[in-house]
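Okay, here's what each chain looks like letter by letter:
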Amino acid sequence: MEVKTKAKIIGLVITTCPACHNPINFDRQTNKICAYCETEVHINLDKVEVSLRSPISKKMKLNLN
């Protein structure tokens, strides 16, 4: 089952740096410099997806566009 909804990013998006795999936080910015390896990292906040799993192990996907 796929669920689609529109939403705004109003908090932090926490992900990993593609170069060194350390955590990096985005807060309404699309470009950041990784604090660990100094690589410039870009995120597309319009295509951030959230996946949910229900207690009965069915997988749902929320597309936040």
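Nothing here was measured: the structure is a model prediction, and the numbers come from that model.

1. Considering the overall build of the chain
The helix and strand inventory of the chain stands at zero helices and seven strands. The order of helices and strands in the chain, counted from the N terminus, is β-β-β-β-β-β-β. Counting contacts in the chain only where the partners sit at least 6 residues apart, residues at least 24 apart contribute 22% of the total.

2. Thoughts on the environment of Glu-40
Mapped onto the elements, Glu-40 comes out in strand 5 (residues 40-42). For Glu-40, a relative accessible area of 55% puts it in the exposed group. Those residues in contact with Glu-40, other than ones at most four positions away along the chain, are Asn-31, Lys-32 and Ile-33.

3. Points about unusual backbone geometry
For His-21, which is not glycine, the phi dihedral falls at a positive 65 degrees. You can call His-21 exposed: its relative accessible area is 57%. Even without glycine at this site, Glu-38 takes up a positive phi of about 65 degrees. Turning to its location among the elements, Glu-38 is positioned in the loop between strand 4 (31-33) and strand 5. On the basis of relative accessibility, which here comes to 66%, the residue Glu-38 falls in the exposed class.

4. Points about the nonpolar core
The biggest cluster of nonpolar side chains holds nine residues, and these are Val-13, Cys-17, Ile-24, Phe-26, Cys-34, Val-41, Ile-43, Leu-45 and Val-48. Excluding its chain neighbours within four sequence positions, the residues that come into contact with Phe-26 are Gly-11, Leu-12, Val-13, Thr-15, Asn-31, Lys-32, Val-41 and Ile-43.

How each quantity is defined
Residues numbered from 1 in each chain as written. Predicted model: local features only at pLDDT ≥ 70, side-chain atom pairs only at ≥ 80, totals over all residues. Heavy atoms only, no water. Helix = DSSP H or I, 4+ residues; strand = E, 2+ residues; numbered from the N terminus. Contact = heavy atoms within 4.5 Å. Buried < 20%, exposed > 50% of the residue type's maximum accessible area, 1.4 Å probe, protein only. Core = buried A, V, L, I, M, F, W, Y, C linked by side-chain atoms within 4.5 Å.

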